[in-house]
Amino acid sequence: KMKAEDPNFAVGSGQERMAAAVKNLKIKVGVVKRTAKELTSYEKEISTQTEKVEKMKAEDKPFHDIKQQEEVLKEAQTCHADAKRRLDGAAQDLESLLAEEGEALAAEAELLEEAQALVKQYVVD
């Protein structure tokens, strides 16, 4: 690999730009994937907590216990909304990067395809 210290590696060269674009793409793909995974985990938690609260109400558990579990549910819903907002932003950032650096990233076909699939899945028009 060529490094910036190499005299044959011109600053601002196509290679340097491509390397920076690929690094940025890998980071943004990772952010989208990680945030999507986090969102899924909150969805599961909300489902589990909702069932737990309903079961507690059906079993006529103490009010305080039910209230405490409702607070846990509310917190999960808040975290889910935040994760959704962050996922939307990360997917839009990824979409922008693809639009700006598409040519520089052409050599990274597999990563580019993954990024495009993530944008298609998570960017809301």
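Only a predicted model underlies this, so the values are computations on that prediction, with no experimental measurement involved.

Caption draft 1: Structural view of the nonpolar core. Leu-25, Val-29, Val-32, Leu-94, Leu-98, Leu-105 and Ala-115 are the most contacted members of the largest nonpolar core, which has 23 residues in total. Looking at this core, the elements with two or more residues in it are helix H1 (14-58), helix H2 (63-101) and helix H3 (109-122). With eight residues, the top contributor of residues to this core is H1. Residue contacts for Leu-25: discarding those within four places in its chain leaves Leu-94, Leu-97, Leu-98, Leu-105, Leu-111, Leu-112 and Ala-115.

Caption draft 2: Fine view of H3. End to end, H3 covers 20 Å across 14 residues, agreeing with the expected 20 Å (1.5 Å per residue, within 8%). If you check which residues of H3 are buried, you get Leu-111, Leu-112, Ala-115, Leu-118 and Val-119. The buried residues of H3 occupy one face: seen down the axis, they fall within an arc of 125°. Within H3, the exposed residues directed more than 90 degrees away from the buried face are Glu-110, Glu-113, Lys-120 and Gln-121.

Caption draft 3: Geometry of the side chain of Glu-101. With respect to the element layout, Glu-101 can be found in helix H2. Beyond its immediate chain neighbours, meaning those up to four positions away, Glu-101 contacts Arg-17 and Ala-21.

Caption draft 4: Just the pattern of salt bridges, in detail. Taken as a whole and assessed by the stated rule, the structure comprises seven salt bridges. The shortest N-O distance in the salt bridge between Lys-33 and Glu-114 comes to 2.8 Å. Residue Lys-33 is located in helix H1, and its partner Glu-114 is located in helix H3; the two are separated by 81 residues in the primary sequence. Relative accessible area serves as the criterion here: at 42%, Lys-33 is assigned to the partly exposed category. Note on Glu-114: relative accessible area 30%, which makes it partly exposed. Two residues, Glu-59 and Lys-61, come together in a salt bridge whose shortest N-O distance is 3.7 Å. Under the relative-accessibility criterion, Lys-61 is labelled partly exposed at 36%. A network of salt bridges, in which partner residues are shared, links Glu-38, Asp-82, Arg-85 and Arg-86.

About the criteria used
- The residue count restarts for each chain, going from 1 along the sequence in the order it is written.
- Reporting of local features is limited, given that this is a predicted model, to residues whose pLDDT is at least 70; pairs of side-chain atoms are given and counted only at 80 or more, and all residues count toward the totals for whole chains, interfaces and linings.
- Hydrogens are left out, water is left out, and the side-chain values use all remaining heavy atoms of the structure.
- Nonpolar cores were defined as sets of buried Ala, Val, Leu, Ile, Met, Phe, Trp, Tyr and Cys residues, with membership established by side-chain atoms within 4.5 Å.
- Relative accessible area decides the class of each residue, using a 1.4 Å probe on protein chains only: under 20% of the type maximum gives buried, over 50% gives exposed, and in between gives partly exposed.
- For the purposes of this entry, the term helix denotes a DSSP run of H or I that reaches at least four residues, the term strand denotes a run of E that reaches at least two, and both are numbered from the N terminus.
- Residue contacts are counted whenever heavy atoms from the two residues lie within 4.5 Å of one another.
- An expected span of 1.5 Å times one less than the residue number is assigned to each helix.
- An arc is given here, and it is the one of the directions from the helix axis to the C-beta atoms.
- Salt bridges are counted wherever a side-chain nitrogen of Lys or Arg sits within 4 Å of a carboxyl oxygen of Asp or Glu.

Interpretation note: all reported values are geometric properties and have no functional meaning in isolation.
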